[in-house]
Amino acid sequence: MNILLSEILRAWRASLRRPGFLLLASGVLALGIGASVAVFALIGNTLGRPLPVQQADRLVVLGPLRGSDDVGGISPHEYQWLGPPAGLRSLGLVHFGLAVNIAGAGAPVQAPVIYFDRTLLSTLGLGPLLGRNFTAQEDRPNGPKAVMLGYGLWQRAYGGEASVIGRTLKIEGVPHSIVGVLPTSFNTVLGPGDVMLPMALPPGSHDYNHNGAIAIGRLAAGASVASVAAQADAAERTMFRDMGMGGNWTRPRYCAQQLTAAFQQDTRPMLMLFLACASLVLLIVLVNLANLMLLRALSRNHDAAVRSALGAPRLRLMLPALGEGLLVGGCGAVLGMLLAMAGVGALQGFIPAQWLWGGRVHLGVGAWLLGIGLGLLGALLAAILGLWRSRAAVTVGELREGGRNGIGVRSGRLSRGLVVAQVALAAILLCAAGVFTHALHDASRLPLGYDQDNVLTFELAPVKGHYPDTASMLDLSHRLVQRLQAIPGVADAAVTTNLPTSDTMYGGFNNGMLTPADNPFEAQLHGVGPGFFKLFAIGLHEGRDFTREDDLTGAAPVAVVSQDLADAYYGGHALGQVIKVEVVKGPPLSARIVGVVSATYQRGPLHAAQPVVYLPLAQLPTPTMAIFRDLEPLRFALRGHGKPDDWRAGVRAALAEIAPDQPIAKLRTMRNVVHETTADARLNLLLIGVFATLALLLAVAGLYAVMAVAVAAREREFGVRMALGAAPRRLLGLVLRGGLGQIVAGLVIGVAIALGASRALAVLLVTLLGRSNAFDPMVLLGVCMVLAAAGLLACLLPALRAGRVHPMRALRGE
């Protein structure tokens, strides 16, 4: 045993005396471990993080199917019909509102709101931190006004005082009694919310709108998700038959899904993409490490053959390589975990908060075990591969081929094959990064149909208690627009229900439309004030803009439509035609089309333009305006000279003068609004770009190592060639041809695999970016050029060394 330990310690001392190989091998391994562990921790803290409630795996979401197996929102009527089906211990309903105006907790602000019925808390297994739940009387229409506070608002506005219970908070100008404070675990499960209001559904609701409400149930003992899903589907089929809709369905329409899976279904594709990229990088690292350990083992061939001839057993011949593998694995694991910690800290600010259930990414015991295991196991396997390939080192034939230089022609074939594999894997990642970069580059150059420069925007939801009807809202908006135009440097100001591009949850309001022939279709419906098209420089193709007269009471209904709508539904000749706008609980509004304007990208440059119908804000029907008021705030925009940020103080002063108790939100430039629509795509590109860069660096490092060892092994051959009159440039070309041959082979294989997977990548692009970009020849050319240039640089230094070999030094041993 002492002899074995001494062999390992001797190998360690030898590695530490000349640490170049140790630093290179452990550094390469650390890169792979750092990337893999960071992604593992991210996935573990998102898809694997348990909800902070009792028996979270028993919580399910019920609702109509959306896609193959995802559950969508449920309407109030469906929820009441469903009731708690057999197999559920309880059932609750929650709806995520946008924001409400609150006053009485400091300065008036807009606060995120969550509506839920009184059975939700017991279903989740949560109780108030202070106070009580909503009562049955409070959870019904026109009941006592009650509110529960989120933990964050309680701390910010009330300093965590227990005496907050019983105080009054004004919500939309109406006093509400504070009856409870919820723990942080509530927001961890359901997301951000400062104020919580009762759902207050009327008995026997006839609301069939799937407006984002989610039904959450808790499974009873012995019940399964599948059995509850079947019962929910059967109950909803009965409901539709009783409503006279009838019909036989060939597949389920309603389903149940675990709560964690339902809330994470939008993040899962992105995380799986990161996992695939990290796995490719780790594979490249292991291939690179195997190559390095193989070259290291082959460099010991002569020494191993001599020791074998002197009677050393095979185990003692293997111990130096295994000992060095342990040292490389341990150092690589430690460095890799440090890189993982740094990577997780750097990514923390980019990761959307909803991915983490309100928590933070941290490296747990599993991440540390993974990092240490990958380091030790990967290095040992690489060392064993090197020993297996150099097992013939004790034979006379191998000694004759390798000579003093320790590596023969046949011994280098596996190394070159591993380099080809590295280049191929790097090419796959670079192709994916190239396609993402191409998609974002195209999006950044896409004409949006309007001018986003020098525009400042903000949102304002008129306090319902102060502005209860459409007339009062219009009066507020008109007075505020006039006051905004008086701000120094501001030339134009306008109000609208929707900006030309929006980053909100709804992103716009789709409304039913009818052509003159009563052919139905759907389009975005925007209400705009005077000067909207001029302020955003939206091109007028035909007809005219809205005028002040169109905003007067009793004015003839008029509309302006986008060019894509005119082309799709009016054959390109919409001017003068009539369009009918469907109205909830009322006859359609017939408006004459007086103008055709450029199409705009409502959901951002990564999504297709949508047909838009513009109506004067004053001509929006009252029921439609009520829907807008529930879903979206009013938007105000200013354009002028100078920097938009210089007008912020003027905007606040104008609002304080016109409506002192009215809060505003999202005071930002229009360019920032557009920028936010691509935030997720830019995060994807950032991480894929990091992985692709790592793959490129690792492939170059592997190629350099192989070429450097190969040149050192052929030093005698180059000396003979030089002695026989070979020119240095000829030797330079000989080495470069060998290296570039490996690069070309890897490129051909990698690009072929990337092209073969292009369909899957196109589906992923649609999921993550909202658009599909096929492999452009310029992307493939760019990948080939980058890899070829990097490979040429990796080969250049060993090739120059080959061209400078001195014949006498190389032949001195002869």
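Since the structure is predicted, the reported quantities are computational estimates derived from the model, not experimental observations.

How each quantity is defined
Residues numbered from 1 in each chain as written. Predicted model: local features only at pLDDT ≥ 70, side-chain atom pairs only at ≥ 80, totals over all residues. Heavy atoms only, no water. Helix = DSSP H or I, 4+ residues; strand = E, 2+ residues; numbered from the N terminus. Contact = heavy atoms within 4.5 Å. Areas by Shrake-Rupley, 256 points an atom, 1.4 Å probe, with all protein chains shown as cover. Phe/Tyr/Trp six-rings, centres within 6.5 Å; stacked < 30°, edge-to-face > 60°. Buried < 20%, exposed > 50% of the residue type's maximum accessible area, 1.4 Å probe, protein only. 1 Å grid on protein atoms, 1.4 Å probe; cavity = no way out; pocket = protein on both sides within 12 Å on 5 of 7 lines; lining within 4 Å. Points joined across faces, edges and corners; volume = space filled by probe spheres on them. Nonpolar A, V, L, I, M, F, W, Y, C, P; charged D, E, K, R; others polar. Salt bridge = Lys/Arg side-chain N within 4 Å of Asp/Glu carboxyl O. Core = buried A, V, L, I, M, F, W, Y, C linked by side-chain atoms within 4.5 Å. Axes fitted to C-alpha atoms, helices over the stretch in contact; angles between N-to-C directions. Parallel < 35°, antiparallel > 145°, perpendicular 65-115°, else oblique. Left-handed = near helix turned anticlockwise from the far one by under 90°. Pairing = 2+ DSSP bridges. pLDDT = per-residue confidence, 0-100. Expected span 1.5 Å × (residues − 1). Arc of directions from axis to C-beta. Polar contact = N/O pair within 3.5 Å; in protein donor to acceptor, adjacent residues only side chain to side chain. Patch = residues over 30% accessible without salt bridge, like charges linked within 9 Å, V, L, I, M, F, W, Y side chains within 5 Å. Lys, Arg positive; Asp, Glu negative; His and termini not counted.

**A closer look at the overall build of the protein**
- Each helix and strand in the protein was counted, giving 26 helices and 24 strands.
- Here the contacts in the protein between residues at least 6 apart in sequence split such that 80% fall between residues at least 24 apart.
- Carbon and sulfur atoms make up 61% of the accessible area of the protein, which amounts to about 35,700 Å² in all.

**Description of the packing of aromatic side chains**
- What the rule picks out here adds up to 11 aromatic pairs.
- Residues F521 and Y569 carry aromatic rings whose centres are separated by 3.9 Å and whose planes lie at 15 degrees to one another, so their mutual orientation is stacked. Of this pair, F521 sits in strand β17 (residues 520–528) while Y569 sits in helix α17 (residues 563–569); the two residues are 48 residues apart in sequence, bridging distant segments of the chain.
- Measuring from centroid to centroid gives 5.2 Å for F532 and F536, while their planes differ by 55 degrees, and the two rings are tilted. Residue F532 shares its accessibility class with F536, and that shared class is buried.
- Following the ring pairs from residue to residue traces out a cluster consisting of Y450, F532, F533, F536, F546 and Y614.

**Overview of empty space enclosed by the protein**
- Under the criterion given, the structure shown has four cavities of 30 Å³ or more.
- Estimates place the volume of the largest cavity at around 50 Å³.
- Around the largest cavity sit 10 residues that line it, and E459, L499, D503, R635 and R668 are the ones nearest its centre.
- Of all the secondary-structure elements, those providing two or more residues to the lining of the largest cavity are β14 (455–460) and β24 (665–669).
- Its residues assigned to classes, the lining of the largest cavity shows two nonpolar, three polar and five charged.
- In this model, the second largest cavity occupies a volume close to 40 Å³.
- Forming the boundary of the second largest cavity are V423, A699, V700, L703, I743, L787, A790 and G791.

**Considering the pattern of salt bridges**
- Per the stated rule, a full pass over the model turns up 13 salt bridges.
- Ionic pairing is found between R156 and D194, a salt bridge with its closest N-O pair at 2.8 Å. Linking R156 in helix α5 (residues 151–158) with D194 in the loop between α6 (184–190) and β11 (195–198), this pair joins segments that are 38 residues apart in sequence.
- For R156, a relative accessible area of 57% puts it in the exposed group.
- Owing to a relative accessible area of 13%, D194 belongs among the buried residues under this scheme.
- The salt bridge involving E459 is made with R635; its shortest N-O contact spans 3.5 Å. Placement of E459 in strand β14 and of R635 in strand β23 (residues 634–640) is noted, with a sequence separation of 176 residues between them.

**Concerning the nonpolar core**
- One finds L289, L363, F691 and L787 to be the most contacted residues of the largest nonpolar core, which totals 89 residues.
- It is helix α21 (residues 679–713) that provides the largest number of residues to this core, a total of 16 residues.
- The residues touching L787, leaving out its near neighbours within four places in the chain, are V423, A426, A427, L430, L696, I743 and L747.
- Grouped together as the second largest cluster of nonpolar side chains are 47 residues, A493, F521, L634 and L638 included.

**Describing the packing of helix α15 (residues 470–484) against helix α19 (residues 648–658)**
- Between α15 and α19, whose axes approach to 10 Å, the crossing angle comes to 140 degrees. Taken together, the axis directions place α15 and α19 in an arrangement best described as oblique. For the element pair α15 and α19, the recorded crossing hand is right-handed. In this structure, α15 contributes L476, R479, L480, R483 and L484 to the contact, and α19 contributes V651, A654, L655, E657 and I658.
- Per-class residue counts for the contact of α15 with α19 are seven nonpolar, no polar and three charged.

**Examining the pairing of β24**
- Judged by how many residues are buried, β24 sits mostly within the fold: four of five residues are covered.
- By the bridge criterion, three bridges tie β14 to β24 in an arrangement that is antiparallel. The partner of T457 across the bridge, within β24, is R668.

**Some details on the confidence of the model for the protein**
- Chain-level pLDDT for the protein is 80 on average; 81% of the residues reach the 70-or-more range.
- The secondary-structure element of the protein with the lowest mean pLDDT is helix α13 (residues 396–402), recorded at 48, while strand β8 (residues 146–149) shows the highest, at 96.
- Within the model, the stretch residues 401–410 combines pLDDT values under 50 with 23 contacts to residues more than four positions away or in other chains.

**Observations concerning helix α23 (residues 728–756)**
- Helix length check: α23, at 29 residues, gives a terminal C-alpha distance of 42 Å against a target of 42 Å (1.5 Å per residue), a fit within 8%.
- The set of residues buried in α23 consists of L731, G733, V735, L736, G739, Q742, I743, G746, L747, G750, V751 and A754.

**Observations regarding helix α18 (residues 622–631)**
- Every buried residue belonging to α18 is among T624, M625, F628 and R629, and all of these are buried. Along the long axis of α18, the arc covered by the buried residues comes to 145 degrees, so they all point the same way.
- The secondary structure elements touched by the buried residues of α18 are α15, β17 and β20 (578–583).

**Thoughts on unusual backbone geometry**
- Located in the positive-phi region is E172, a residue other than glycine, with phi close to 55 degrees.
- By the secondary structure assignment, E172 is in the loop between β9 (168–171) and β10 (174–181).
- A positive phi angle, near 55 degrees, is found at N454, a position not held by glycine.
- By the element assignment, N454 lies in the loop between α14 (411–444) and β14.
- Among the residues examined, N454 registers a relative accessible area of 38% and is labelled partly exposed.

**A short note on the side chain of Q662**
- Relative to the helices and strands, Q662 is located in the loop between α19 and β24.
- A distance of 2.9 Å separates a polar atom in the side chain of Q662 from the backbone oxygen of A461.
- A polar contact is formed between the side chain of Q662 and the backbone nitrogen of V463, at a distance of 3.0 Å.
- For Q662, the residues in contact, after removing those within four places along its chain, are N101, L460, A461, P462, V463, Y467 and L655.

**Digging into a nonpolar patch on the surface**
- A contiguous nonpolar surface patch, about 680 Å² in accessible area, is contributed by L326, V334, L335, L338, M341, W368, I372 and L376.
- Sorting the residues of the nonpolar patch by element identifies α11 (314–347) and α12 (365–389) as the ones contributing at least two each.
- For the nonpolar patch, the leading source of residues is α11, giving five residues.
- Inspection of the secondary structure puts I372 in helix α12.

**Quick notes on the side chain of E172**
- The side chain of E172 is buried and forms no salt bridge, while K464, the nearest opposite charge, is found at 5.3 Å.
- Other than its neighbours up to four places away in sequence, E172 contacts V100, N101, P462, V463, K464 and G465.

**Here's the deal with the environment of L88**
- With respect to the element layout, L88 can be found in strand β3 (residues 88–96).
- Under the relative-accessibility criterion, L88 is labelled buried at 9%.
- Each C-alpha atom, one on L88 and one on V228, is 7.3 Å from the other, the two residues being 140 residues apart in sequence.
- Leave out the neighbours within four places in its chain, and L88 touches V60, L62, G217, R218, L219, A220 and V228.

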